Amino acid sequence: MSWAGPDDIFLSTSLATYLDKKLLVLLRDGRKLLGLLHSFDQFANVVLEGACERVIVGNLYCDIPLGLYVIRGENVVLIGELDLEKEELPPHMTAVSETEIKRAQKAEREATDLKGSMRKRMEFLDFD
Amino acid sequence: MKIKLTSASYSVRSIKFSFCSNLLAKPRKPSLFLGRGIEIILFFSYFKDLVGREVTVELKNDLAIRGTLHSVDQYLNIKLENTRVVDQDKYPHMLSVRNCFIRGSVVRYVQLPPDGVDIELLHDATRREARGG
């Protein structure tokens, strides 16, 4: 974050232009958090008000409310300003409940684990 | 901090301290060199010249974002405008994001327009840095 004076706030990478706006924050572990930017600092530490985590599995999604969140800057990948005029998600996606999405996440995780273990087994057999 | 001695005899009781006005000014800009040498400046200056050009930033998590370079800072954090994700179907959550701030530490590549690169200028600058460093 650059040291921006009041006059060059619009030309710098300062997050000040995002204050009180609805943001999408992508984290290093792949999580997507949405919320209003309350405050930030030079390390990109961020405080989100009314934060919720958007879990997406295939065509299903769910917003899990989290409340007030403080995010350590080193985990931040990207901070995107959501355009309120546009649709946040493609129309073919359906909203489901938290339990449903957790079940779908678990199924997806098991499928990738299975793929991984099958691959390991094939590698052991050392096919050319 | 300035020390003003008011009396000609320089007696201790008449020493007046006047604090420098710097303390009331805006925060001092941190050193741009970050203790890692002068090489950091080269890319910062280079990206500053590319502001307004269309670039594609590829992140370490494989997300690639195309947009107009709005600004860059000493940490090589990047702000993009008019963004679109390269593989939109894979990242549905990014559909309505038009401006974003990207932390410098997560950038893998910045893909530049071919005419945005003045090779000779870059070579000269690099040679200068190598000599000075």
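Residues numbered from 1 in each chain as written. Chains lettered and ligands numbered in written order. Predicted model: local features only at pLDDT ≥ 70, side-chain atom pairs only at ≥ 80, totals over all residues. Heavy atoms only, no water.

In the annotation of an unreviewed UniProt entry, chain A is listed under the name U6 snRNA-associated Sm-like protein LSm1 and assigned to Hibiscus syriacus. Taken verbatim from the UniProt record of chain A, the Sequence similarities (unreviewed entry) comment is "Belongs to the snRNP Sm proteins family." As stated in UniProt under Subunit (unreviewed entry), the record for chain A gives "Component of the heptameric LSM1-LSM7 complex that forms a seven-membered ring structure with a donut shape." (UniProt positions renumbered as here; feature names shortened; annotations may be inferred.)

Peer 1: Is there a simple way to think about the interface of chain A and chain B in this case?
Peer 2: Reports often express the size of an interface as the amount of accessible area lost when the parts come together. With 35 residues of chain A at the contact, the number on the chain B side is 30 residues. Note on chain A versus chain B: buried area summed over both sides is about 2600 Å², and carbon and sulfur give 61% of it. Taken together, the connections running from chain A to chain B amount to 0 salt bridges. The interface formed by chain A and chain B contains 11 residue pairs in polar contact (both at pLDDT 80 or more). (Contact = heavy atoms within 4.5 Å. Buried area = accessible area lost by both parts, 1.4 Å probe. Salt bridge = Lys/Arg side-chain N within 4 Å of Asp/Glu carboxyl O. Polar contact = N/O pair within 3.5 Å; in protein donor to acceptor, adjacent residues only side chain to side chain.)

Peer 1: How should I be thinking about the packing of aromatic side chains in this particular structure?
Peer 2: When we look at a pair of aromatic rings, we describe it by the centre distance and by the angle of the planes. One pass over the structure, following the stated rule, counts 1 aromatic pair over all chains. With a centroid separation of 6.0 Å and an interplanar angle of 50°, the aromatic rings of Tyr46 of chain B and Phe47 of chain B are classed as tilted. For Tyr46 of chain B, a relative accessible area of 14% corresponds to the buried category. A cation over a ring is seen here: Lys48 of chain B above Phe44 of chain B, with NZ or CZ 4.6 Å from the ring centre. Above the plane of the ring of Tyr18 of chain A lies Lys79 of chain B, whose end atom (NZ or CZ) is 4.9 Å from the centre. (Phe/Tyr/Trp six-rings, centres within 6.5 Å; stacked < 30°, edge-to-face > 60°. Buried < 20%, exposed > 50% of the residue type's maximum accessible area, 1.4 Å probe, protein only. Lys NZ or Arg CZ within 6 Å of the ring centre and 35° of its normal.)

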